[in-house]
Amino acid sequence: MSSPLHRWHGSTYLSAGWAAALSLRGTTLPGDVEGVAAVTIWRLSDPQELRVTTEADYRLPRNVIPRHYQLTLEPDLADFTFVGNEVVSVEVVEATAIVVLNAADLEVDSATIRTPRGRGTLATGIDRDEPAERLTLTFPEPLLPGDYELQLSFRGMLNDQLRGFYRSTYKDEAGNDAIIATTQFEATDARRALPCWDEPDLKATFGVTLIVPDGYAAVSNGPETSRTGAGPGKVAVTFADTMVMSTYLVAFIVGELDATEAVDAGGVPLRVLTPPGKTHLADFALEAGAHALVYFADYYGIPYPGDKVDMIAIPDFAWGAMENLGAITYRESALLVDPATATRTELERVAAVIAHELAHMWFGDLVTMKWWNGIWLNEAFATFMEMKCTEAFRPDWKIFLGAAADRGAAMEIDALATTRPVEFPVASPEEANAMFDTLTYEKGSSVLRMLEQYIGEETFRRGIGSYLAAHAYGNTVTDDLWDALEQASGEPVGEIMHGWIYQGGFPQVRVEAEGDQWALRQEQFRYLGEGHGTWKVPVLYNGAGGPGRVVVDQAVTISPGDDALVNAGGSGFYRVRYSPALLEAVADRLGELEPEECYSVVSDTWANVLAGEVPAPEFIELVGGLSEETEPSVWRVALTGLAELDRVASSDVQPALQGFVRDLVGPQADRLGWTPQPGEDDLTRELRGLLLRARGGLGDDQDTVAEARGVLEQALESPDAVDGEVASAALAIVASNGSVDDFARFLELRDTAGTPQDQVRYLRAAAAVPEQETAARLVDMMLAGDVRSQDAFWLAALLLGHKDTGAASWQRIKGQWDEVLAVMPKQNLRRMFDLIQYRSEPEVAADIKAWLDEHPVAGFERHLAQQMERLDVRVALRERESDRIEQAL
Ligand code: BES
Ligand code: ZN
């Protein structure tokens, strides 16, 4: 260990929290330090002085434990303030005169403690430590062990930062601004609404009362139990006590919301609540939600742990959705949809988000990770279950084939030197927030799927059921899950999974013929540089005797048959690299493979182009064999590779590449035409949209562009007469060839759109117009608040990734850096850089890297480092391939 950081390292992670709070500038030193891929050291005013904090600095003392919160809150929707009062039943387990809990951005006016029947004792000290987000109460005498009630009065602001207790705005039917007060507590923002022990293992029950204007809807985790007068024009709405649960799951929502009737989902009442006038968009959510509730109770073998489920659409929402027990909040586009005009992917998104959040009611809410380092348990599992459930809901959608793209996204990050292990030390709130990324969700769910396929679906399900039953109302660590799956399967699950969870990266399995055998060996897959990790790789294959399975650790050999294939079923989280001769044989059978397998072959080949192992012309030749392909997912992975090549192709090669794309998609696009046939399935309709888009976009086919204009007009005139996929494709094609006038029209259409999906589509269309003037206008709109802050990150990402205008958008955004960063919620800022890898023009790339070096985005240092490495990968791709592409054309 040569790193000078070693002596501070020990077994815990060095954190940036304290110095960040003091707003000092830090230096990030990348490098492997005992499994920790990067360490951030912050320099204080004296450069010799280093202050390093660990998880212990953020954990509350355990001498006082909360059991029940009796909470009353009164938001003032006109003033953007709230007042609160809580009585917390606590157990003092060790004598203390000092009680420490979390609070942030709250004024605490009084604190009193009493034994259940005793007299109250006022705190003599109420001390707030804002950087530490803590409240320290000092009492005149030590509290002896026993039960107490702690009473606190406090006040705060309904903020506009989309976290804690915040305000969301919309125009009411008369066109006036109206407010919804709502909450988002995960990861560590419950402390912004109520003083509390804000750690996931300090579970308690919650009894909530909300004082709201008469006639307003009020929702919390439990069902409403009473509504009584509370002064002029006010009512006090009380909700049933919750089950024992973590603070991050508490929620309250107040506003003039409309509610659907409750539907019966296997005995659980399920409703959707929306801003006024939108319940007509809730039918699909009710159907998907009812299916999911029944599905999960059956899969887990445990009844739904709450009493009711409300799903609430919030106009301003930082994430997609949040699994508050019984009161799930969503951004509008993730809940409200019109199935008659939506595309399949838009509908799938709604069904999947709903399934994901409902999966959490058990996995996450009933059984919760002990600490944020284990957040993958929550999120990876919910993502995996979301797919299982949606697969059962709509088998025709082939969810697990679509999931291959998510696996690909995870492998993209995990092939970087700047990746991290799925489970990773977390100390500060910033670090907890940074955990909600592709590695947690997509790598985590993919390795669970790999394991499930390896040990068998029913065995896996039994293991999960017993894990949940054993830990209900409690907290767990990763080993608890492996133990349950080991019990169920009799396989060494913990041993197999260790490397996938505690080590960053993944392997490539090399396959070579040795005599009449195939030899399988692993090496780490990296785009740049080399890695030296090894894994226990659970490989499924087709061999001479049919399907086989083997854990590849050291080299192994298998006997191949005529249909020999490694990674059969395509669910492995590894790449496969056949020797050239074997790859040729596999490519010849591409059409005979299962779609998941075909996907993997194309995806593995593309990844090796990015890694510089396979020349791009070989990839082009491979996908040239796909013209008969009918699966949208397989097309998508092929077209994504081609689109990347188009980005880096020199301008004299581009026309030939466009011609190649036209020839490739032509036969199927002609067959499908612009009009769906009666009885067509959803994936066929999706394929039509995808191929038309490829022909008009990447293929630059001007006839298709002209046709798209006609179809768009027709769709705008009578939306119900044009299929959603066709309408969406026509819009995208027109937009990417659009003018300043088209742009103005898209913005108008956004303002009058009848569904959240249409709003998104039109804003996306506006961002796709290839004019500097329109790109500049969108940045201005973002800064002026004409785009909701929840959408700013993806709009900025689209602008930065735009093929023609992106480089100039980078200059614009850089020129107003602080302003741009200030208009989006801090939590999802990093996602603004999700497409920055496309700025691989060498001078632009160098400028971006230099700028971000000087302007690190606090809390997201690792994400930025990953994006910069992805950018390096594309700069190298351009350098290698921009002219060579021609060889295949
Ligand atoms: N628990 C998360 C929401 C969340 C994300 C809270 C990050 C705090 C920080 C929720 O269950 C979730 O995962 N939502 C996803 C949607 C899901 C379908 C992948 C989201 O918001 O993107
Ligand atoms: Zn989740």
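Provided above is the structure to which this section pertains.
This is a predicted model, so every value here is computed, not measured.

Cut-offs and rules
- Per-chain numbering applies: the sequence of each chain, read as written, is numbered from 1 onward.
- All chains are assigned letters beginning at A, and all ligands numbers beginning at 1, according to the order in which they are written.
- pLDDT decides what is reported in this predicted model: residues at 70 or higher carry local features, side-chain atom pairs at 80 or more are listed and counted, and totals for whole chains, interfaces and linings draw on all residues regardless.
- To get the side-chain values, all heavy atoms of the structure are used, and hydrogens and water are removed first.
- Each pair of aromatic rings taken from Phe, Tyr and Trp, with Trp reduced to its six-membered ring, is defined by centres within 6.5 Å and is described as stacked if the planes are under 30 degrees apart, edge-to-face if over 60, and tilted in the remaining cases.
- Only DSSP runs of H or I covering at least 4 residues are called helices, and only runs of E covering at least 2 are called strands; the numbering of each starts at the N terminus.
- Exposure categories follow from relative accessible area, calculated using a 1.4 Å probe and restricted to protein chains: below 20% of the type maximum is buried, above 50% is exposed, and the middle band is partly exposed.
- Pairing between two strands is assigned when DSSP locates at least 2 bridges connecting them.
- Only nitrogen, oxygen and sulfur atoms within 2.8 Å of the metal, or 3.2 Å for Na, K and Ca, are treated as donors, and water is left out, so sites may look incomplete.
- Proximity criterion: a residue is near a molecule or strand once any of its heavy atoms comes within 4 Å of it.
- Between N or O atoms, a polar contact is any pair within 3.5 Å; within protein, one atom must be a potential hydrogen donor and the other a potential acceptor, and residues adjacent in sequence are included only when both atoms are from side chains.
- With residues, only the protein chains shown are counted as cover, and all accessible areas are computed by Shrake-Rupley using a 1.4 Å probe.
- Put simply, Ala, Val, Leu, Ile, Met, Phe, Trp, Tyr, Cys and Pro go in the nonpolar bin, Asp, Glu, Lys and Arg in the charged bin, and everything else, Gly too, in the polar bin.
- Axis lines are fitted to C-alpha atoms, over the contacting stretch for helices. Their N-to-C directions set the angle, which ranges from 0 to 180 degrees.
- Any angle between 65 and 115 degrees counts as roughly perpendicular, while under 35 counts as roughly parallel, over 145 as roughly antiparallel, and the rest as oblique.
- By convention the crossing between two helices is left-handed if the near helix lies anticlockwise of the far one by an angle smaller than a right angle, and right-handed if it lies clockwise.
- Any two residues whose heavy atoms approach within 4.5 Å are treated as being in contact.

1. Examining the packing of aromatic side chains
For step 1, the next point in the chain: The final tally for this structure, using the stated rule, is 29 aromatic pairs.
For step 2, the next point in the chain: Pairing Tyr300 with Trp362 gives two aromatic rings, centres 5.2 Å apart and planes at 40°, and the pair type is tilted. Taken together, the positions of Tyr300 in helix H3 (residues 283–300) and Trp362 in helix H4 (residues 344–362) put the pair 62 residues apart, joining distant regions of the chain.
For step 3, the next point in the chain: Where Phe506 meets Phe525, the ring centres are 5.6 Å apart and the plane angle is 20°; that geometry is what we call stacked. On the criterion of sequence distance, the pair formed by Phe506 in the loop between helix H11 (493–502) and strand S26 (507–514) and Phe525 in the loop between strand S27 (517–524) and strand S28 (537–543) is long-range, its members being 19 residues apart.
For step 4, the next point in the chain: Relative accessible area serves as the criterion here: at 0%, Phe506 is assigned to the buried category.

2. Quick word on the sheet that holds strand S31 (residues 565–566)
For step 1, the next point in the chain: Reading across from one edge, S29-S28-S31 is the order of the 3 strands in this open sheet, with antiparallel pairing throughout. Two strands lie at the open edges of the sheet, namely strand S29 (546–552) and S31, each paired on one side alone.
For step 2, the next point in the chain: Relative to S31, S28 runs antiparallel, the two sharing 2 bridges. When the bridges of S31 are listed, Asn542 appears paired with Leu565.

3. Notes on the coordination of the zinc ion (ligand 2)
For step 1, the next point in the chain: Taken together, His356 (NE2), His360 (NE2) and Glu379 (OE) make up the full set of protein donors to the zinc ion (ligand 2), lying 1.8 to 2.1 Å away.
For step 2, the next point in the chain: Along the chain, the residues that donate to the zinc ion (ligand 2) are spaced as H-x3-H-x18-E. Highlighted residues: His360 in helix H4 and Glu379 in helix H5 (residues 375–393), separated in sequence by 19 residues. Each of the two residues, His360 as well as Glu379, counts as buried.

4. Overview of the site of ligand 1
For step 1, the next point in the chain: In the neighbourhood of ligand 1, 15 residues make up the surrounding shell, with Glu186, Gly320, Glu323, Glu379 and Tyr441 lying closest.
For step 2, the next point in the chain: Between ligand 1 and Gly320, the relevant distance is 2.5 Å, taken from an oxygen atom to a main-chain nitrogen or oxygen of the residue.
For step 3, the next point in the chain: Bound to the protein, ligand 1 loses 91% of the 510 Å² it would expose on its own.
For step 4, the next point in the chain: Only strand S22 (321–322), H4 and H5 provide two or more residues apiece to the shell around ligand 1.
For step 5, the next point in the chain: Here the shell around ligand 1 is composed, by residue class, of 6 nonpolar, 4 polar and 5 charged.

5. A look at the packing of helix H22 (residues 772–783) against helix H23 (residues 789–801)
The relative placement of two packed helices is expressed as an angle between their axes plus a distance between the axes.
For step 1, the next point in the chain: Running from N to C, H22 and H23 point in directions that differ by 160°, and their axes come no closer than 11 Å. Taken together, the axis directions place H22 and H23 in an arrangement best described as roughly antiparallel. In this structure, H22 meets H23 at a crossing whose hand is left-handed. Between H22, through Ala775, Leu778, Val779 and Met782, and H23, the contact on the second element is made entirely by Ala792, Leu795, Ala796 and Leu799.
For step 2, the next point in the chain: Along the lines of polarity and charge, the residues of the contact of H22 with H23 split into 8 nonpolar, no polar and no charged.

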